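What follows is each chain in one-letter form.
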Amino acid sequence: MDIAREIKRLKKEKNAAILAHYYVRPEVQEIADYVGDSFYLSKAAVGLREQTIVFCGVSFMGESAKILNPDKTVLMPDMTADCAMAHMADAELIRHVRDTYEDTAVVCYINSTARLKQLSDVCVTSANAVKIVKALPNKNIFFIPDRNLAHYVAGQIPEKHFIYNDGYCPVHEKMQLEEIRKVKASHPAAEILVHPECAESVRNVSDYIGSTSGIITYAGKSGSKEFIVCTENGVRYELEKNNPEKKFYFTKTEPVCLDMKLITLEKIKHVLESGENEVHVADELRKASVKPLERMLELAR
Ligand code: 13P
Ligand code: SF4
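Residues numbered from 1 in each chain as written. Chains lettered and ligands numbered in written order. Predicted model: local features only at pLDDT ≥ 70, side-chain atom pairs only at ≥ 80, totals over all residues. Heavy atoms only, no water.

1. Observations concerning the sheet that holds strand β3 (residues 52-56)
Strands sit in the order β2-β1-β3-β4 across an open sheet of four strands; the sheet is parallel. Among the strands making up the open sheet, the edge pair consists of β2 (34-36) and β4 (73-75). Sheet twist, expressed as the average angle between the axes of neighbouring strands with direction ignored, equals 20°. Bridging between strand β1 (residues 16-21) and β3 involves five bridges; their strand directions are parallel. (Pairing = 2+ DSSP bridges. Helix = DSSP H or I, 4+ residues; strand = E, 2+ residues; numbered from the N terminus. Axes fitted to C-alpha atoms, helices over the stretch in contact; angles between N-to-C directions.)

Take a look at the structure:
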């Protein structure tokens, strides 16, 4: 039996659902029950009928799924798949900012550890950050960990005062304006679609800025036939599947998140068979970190 069919059989036998981010390998997206951006996946994880969730993504995603669903079993195909940015904020600095500025909300990008979430007032994803920050009553916003998303959100909400943290996504930050310009020179009609984790110089040349789902939706609706995609190359699968008549270009140095690519069909099959790699979150940490996640789901509604 081929591995995809074997996974399908195991899913039924183990009463499991497979969730996958757009950045994982195409063959993993192909067999997943739910594929989406971070916001979609955090909503999808809540209220599943299945008792087990296999999370095809990096550790903060599995951890968030467990925090929101403490009674479910959450399995990670590869426990070492981690997001570098999720660690790029500091408890000491959060305390310092809270002491320095009155009326501050600590806004935590979901790409963060539970340890950081528990120190925050609300979580956001790239799909809902503007809406949620706008809805907060606070004047001062300390946005952790991503400085690029923070600057993008700040630009949309000039009435609030932002304090920036020095975190970034190494995959998006590495994208070079020069390389984008070269693709544009070869394809002048192409629209430039940019994830807000990219640096300001890249955001400035964009025709559209949005989350991975936002980029996919925009490309589907746009009348353009060609696009330069400035985010991780895993989105190519969904873009090409949905739009066979359109062309999608990436920069010569393709943005690749090696952690996302650690997820393979073999590893999914293995955790389904063995029940290994279960995510555990200590009760006290769970209770504190679920609050900003639930507030996100509430405010994004
Ligand atoms: P979104 O899923 O919100 O587009 O974020 C991309 C990302 O970097 C996930 O790790
Ligand atoms: Fe983290 Fe960037 Fe990889 Fe997303 S693409 S998981 S933000 S390192």
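2. Regarding the site of ligand 2
Tyr 23, Val 58, Cys 83, Met 85, Asn 111, Cys 169, Glu 197, Cys 257 and Met 260 make up every residue found near ligand 2. Of the residues assigned to the shell around ligand 2, the class counts are seven nonpolar, one polar and one charged. (Near = heavy atom within 4 Å. Nonpolar A, V, L, I, M, F, W, Y, C, P; charged D, E, K, R; others polar.)

3. Things to note about the side chain of Ser 126
Looking at where Ser 126 falls in the secondary structure, it is placed in the loop between β6 (122-124) and α7 (129-135). There is a polar contact of 3.5 Å between the side chain of Ser 126 and the side chain of His 195. Contact partners of Ser 126, with chain neighbours within four places excluded, come to Tyr 109, Leu 149, His 195, Pro 196 and Ser 211. (Polar contact = N/O pair within 3.5 Å; in protein donor to acceptor, adjacent residues only side chain to side chain. Contact = heavy atoms within 4.5 Å.)

4. Observations concerning the nonpolar core
Formed by 90 residues in total, the largest nonpolar core has its most connected members in Ile 18, Phe 55, Cys 56, Val 107, Phe 143, Val 153 and Ile 268. In contact with Phe 55, not counting residues within four places along its chain, are Leu 19, Leu 41, Met 61, Gly 62, Ala 65, Val 74, Leu 75, Met 76 and Pro 77. Core analysis: the second largest hydrophobic core is formed by eleven residues, Met 175, Val 194, Val 202 and Tyr 249 among them. (Core = buried A, V, L, I, M, F, W, Y, C linked by side-chain atoms within 4.5 Å. Buried < 20%, exposed > 50% of the residue type's maximum accessible area, 1.4 Å probe, protein only.)

5. Comments concerning the state of the cysteines
For the coordinates displayed, the defined rule picks out zero disulfides. No disulfide involves Cys 230; its nearest neighbouring cysteine sulfur is the one of Cys 198, lying 5.8 Å away. A relative accessible area of 0% places Cys 230 in the buried class. (Disulfide = S-S within 2.5 Å.)

6. A word on the pattern of salt bridges
Within the structure shown, the criterion is met by 16 salt bridges. Across the pair Asp 121 and Arg 98 runs a salt bridge, and its minimum N-O distance is 3.1 Å. Separated by 23 residues along the polypeptide, Asp 121 in the loop between α6 (114-117) and β6 and Arg 98 in helix α5 (residues 91-100) bring together distant segments of the chain. For the salt bridge of Asp 166 with Arg 147, the shortest nitrogen-to-oxygen distance reads 2.5 Å. With a gap of 19 residues between them, Asp 166 in the loop between β8 (161-164) and α9 (170-173) and Arg 147 in helix α8 (residues 147-156) connect regions that are remote in the sequence. (Salt bridge = Lys/Arg side-chain N within 4 Å of Asp/Glu carboxyl O.)

7. Here's the deal with the pairing of strand β7 (residues 140-144)
Of all the five residues making up β7, five are buried; the element is thus mostly covered by neighbouring parts of the structure. Burial along β7 is two-sided: the residues Asn 140, Phe 142 and Ile 144 and Ile 141 and Phe 143 are all buried. Of the strand pairs in this sheet, strand β5 (residues 104-109) and β7 are connected by five bridges, and their pairing is parallel. Note on β7: the bridge partner recorded for Val 107 is Phe 143. Alignment of β7 against β8, held across four bridges, turns out to be parallel.

8. Observations regarding helix α1 (residues 3-14)
For α1, which comprises twelve residues, the first-to-last C-alpha distance of 16 Å matches the rise-based estimate of 16 Å (1.5 Å per residue) to within 8%. Within the sequence span of α1, burial applies to Glu 6, Ile 7, Leu 10 and Lys 11. Taken down its axis, α1 places every buried residue within 140° of arc, on the same side. In α1, those exposed residues whose orientation departs by more than 90 degrees from the buried face are Arg 5, Lys 8, Lys 12 and Glu 13. The opening residue of α1, the one whose side-chain oxygen lies 3.2 Å from the backbone nitrogen of Ala 4, is Asp 2. At the C-terminal side of α1, Asn 15 shows a positive phi close to 55°. (Expected span 1.5 Å × (residues − 1). Arc of directions from axis to C-beta.)

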